[in-house]
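The chain contents come next:
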Amino acid sequence: MAVATRSVQRTRWIKLQVFRYITFAAAAVFFLVPIGAMLEFSTRGNTGERTLAYWQSIFSYPDLIDFNFGPAPDAAINASLELALITSVVMLVLLVPTMVWVRLKLPHLSRLVEFICLLPLTIPAIVLVVGLFPMYIWLGTNLSDSILTLAFAYVVLVLPYCYRALDAGLGGIDVKTLSEAARSLGASWFAVMWRVIVPNISNAILNATLLSVALVLGEYTIANNLLYNNLQVELVHLGRANAGVSIAVAVASLLFAFLLLVLLAFIGGRPRRARPEAATALAGPLAASQT
Amino acid sequence: MTIAGSPAVATNVGRPLVGGRRFSLDWLGAVPFLVYVGLFLLLPSAIVGLGAFFNADGSFTLDNYAHLSRSYVVKATIDTISLSVVTAVIGAALGGLLSYAIVTGSPNGLLRRLVVSASGVLAQFGGVTLAFAFIASIGPAGFVYLFAQAHGVDYYAHGIWLFELPGLALVYLYFQIPLMVLVFLPALDGIKPQWREAAESLGGNTWHYWRHVAGPILFPSFLGAVLLLFANAFSAYATANALINQGQPVLSQQIGGALSSEVGAVEPGFAKAIAIEMIVIVTIVTILYSLLQRRTARWL
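Only a predicted model underlies this, so the values are computations on that prediction, with no experimental measurement involved.

A. Structural detail: the pattern of salt bridges. Here the structure, examined in full by the defined rule, presents nine salt bridges over all chains. Here Arg 103 of chain A and Asp 167 of chain A are joined by a salt bridge, their closest N and O atoms 2.7 Å apart. With Arg 103 of chain A in helix 3 (residues 76-104) and Asp 167 of chain A in helix 6 (residues 150-171), the pair connects residues that are 64 residues apart, well separated along the chain. Taking the relative accessible area as the measure of exposure, Arg 103 of chain A reaches 34% and is therefore partly exposed. On the accessibility criterion, Asp 167 of chain A (23% relative accessible area) is partly exposed. Of the charged contacts, one joins Glu 114 of chain A and Arg 111 of chain A as a salt bridge, the two residues approaching to 3.5 Å between their closest N and O atoms. Taken together, the positions of Glu 114 of chain A and Arg 111 of chain A, both in helix 4 (residues 110-122) and three residues apart, correspond to about one turn of that helix. Take Arg 111 of chain A: its relative accessible area is 65%, and that puts it in the exposed class. What emerges from the salt-bridge pattern is a single network uniting Arg 12 of chain A together with Arg 196 and Glu 200 of chain B.

Here is the structure:
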């Protein structure tokens, strides 16, 4: 009897392993082939030979990249990089002091702030852009029509992701005790923020920054509908004229984003709260900023 | 010891003049944030919500909503809903299988960590790059197609379906399946092996176990995941617009078209009405989802 049960268990185990490895193999093919294909495509010459011509010609497209990293970028990659920088800085300056302050002084507002920060997840980017459209027309005529004004919208776009990253960081330290200790030793609020809180949540700040950089570099919906040429919009334009170059740039930006995410995974080495994290991660893609 | 007894402490605290209303100015700290989100999140939302009721002259109208009955919007709505349903159901089924394959392995194994973190990345991977990835692989110049063609298989014999809705559905699966893994894995983790042993000791076979034990427990969270995947596909824009540049078959593309049309007919009010239609559908789905989540929480 026992032997029979064991052999039933054994065949079931074998079946299970066969099922598992077939599933993993199929998933690997489905998810890896398209990415590998981009690399293959961007290095294939007209007659099928391997060439780096597309990669080398990236710098010969002034609409794509040039050396003007000033306040009025006229190339798409420069604009996207500057936007990533501005968005990250504004996000941190806006979010970190507010979140600390709410924890210390306005705990009754914490629900509201959380709700507001997570709100962009439930509003698809394409819907938000409809409301932003008249605002950007006004901005364009009265203030500036620079592509860098997109940062205003991008801060809202990255808000939920950065809020979560920073909230996890602040949750891990005792903000109240730390700041009371610093205050009682005579530190100003600025010193509390800059020399006590920030060093203690440096990982969370880095997480939030990397996330917002990755999101801004991948953003297409808002820029395209507000008629600005950021990296992704330019890639689509370029793709219609020269698919090879545009796919080469796409691979490059993908590698860059991947690098950021790997960095993020290594920095966030601390074990995370599994369930709530997963539960909130669900809502993430609803923002559909990328999709 | 009272604060009043020590002037040094009192000046340090710096609030003796405010007296009883000592916390009254604290809310000022939240003002920059509230002003910012008010301007760039709540104002645009209000513009969408209210603007749909006004025409170009600024007078009240319901025409924008009436225009939702235009045949191409109705078609886009039906197409987008079908696309979202198909990718949600197939994505949930395949993602569910993948989750099961993960959960039956070692809980701390390398394979599991690899698949879970890859899912985290791929669920967010969409837009232009994703469209390019499929064009480069199975597109008419992609190596998969060239290889198939060289071996006598022409899967574009009846037209290049990659640039139509079936192709878009395939591309959407690329982020739907990983999303399903992220959503469904916690539910599967909640299934206890003792339940299976209990079912077996009562004489049940594999079918009985899935039909009467695991199935009913997992069903609400599976259905919830399907709804989430639906909303995810429904509100997507970038992937569709990068892949399909003719005909705007997807509702989100119709919004873009009404907002700044390349052919000229700009109808901002109409764009807002489509946006509201979209929000209504997504909201209904989200509410159903949270109801199911509550039900799931009972067992898992």
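Now, onward.
B. Local environment of the domain arrangement of chain A. All names here are of chain A. As assigned here, chain A comprises domain 1 (2-42) and domain 2 (69-282). Put simply, the middle of domain 1 and the middle of domain 2, counted by C-alpha atoms, are 37 Å apart. Across the boundary between the two partners, domain 1 contributes five residues, which contact seven residues of domain 2. Summed over both partners, the interface of domain 1 with domain 2 buries about 470 Å², with 93% contributed by carbon and sulfur atoms. Three residues, Met 38, Phe 41 and Ser 42, lead the burial of domain 1 against domain 2; their summed loss comes to 81% of the area buried on that side. At the junction of domain 1 with domain 2, the criterion picks out zero salt bridges. On inspection of domain 1 and its partner domain 2, the count reaches zero residue pairs in polar contact (both at pLDDT 80 or more).

C. Structural view of the environment of Leu 42 of chain B. Mapping Leu 42 of chain B onto the fold places it in helix 2 (residues 31-51). What Leu 42 of chain B contacts, discounting residues up to four positions off in sequence, is Leu 119 of chain A together with Val 37 of chain B.

D. Summary view of the interface of chain A and chain B. On the side of chain B, 83 residues touch chain A, which itself brings 74 residues to the contact. Roughly 6900 Å² of surface becomes buried between chain A and chain B when both sides are summed, with 75% attributable to carbon and sulfur atoms. Inspection of the chain A/chain B interface yields one salt bridge. For Glu 200 of chain B, the salt bridge is made with Arg 12 of chain A, and the minimal N-O distance between the two is 2.8 Å. The tally of links from chain A across to chain B stands at ten residue pairs in polar contact (both at pLDDT 80 or more). For the side of chain A that touches chain B, the leading source of residues is helix 1 (residues 2-42) of chain A, giving 17 residues. Considering only residue class, the side of chain A that touches chain B consists of 54 nonpolar, 13 polar and seven charged.

Scoring rules and cut-offs
- Residues numbered from 1 in each chain as written.
- Chains lettered and ligands numbered in written order.
- Predicted model: local features only at pLDDT ≥ 70, side-chain atom pairs only at ≥ 80, totals over all residues.
- Heavy atoms only, no water.
- Salt bridge = Lys/Arg side-chain N within 4 Å of Asp/Glu carboxyl O.
- Helix = DSSP H or I, 4+ residues; strand = E, 2+ residues; numbered from the N terminus.
- Buried < 20%, exposed > 50% of the residue type's maximum accessible area, 1.4 Å probe, protein only.
- Domains from an automatic or database assignment.
- Contact = heavy atoms within 4.5 Å.
- Buried area = accessible area lost by both parts, 1.4 Å probe.
- Polar contact = N/O pair within 3.5 Å; in protein donor to acceptor, adjacent residues only side chain to side chain.
- Nonpolar A, V, L, I, M, F, W, Y, C, P; charged D, E, K, R; others polar.

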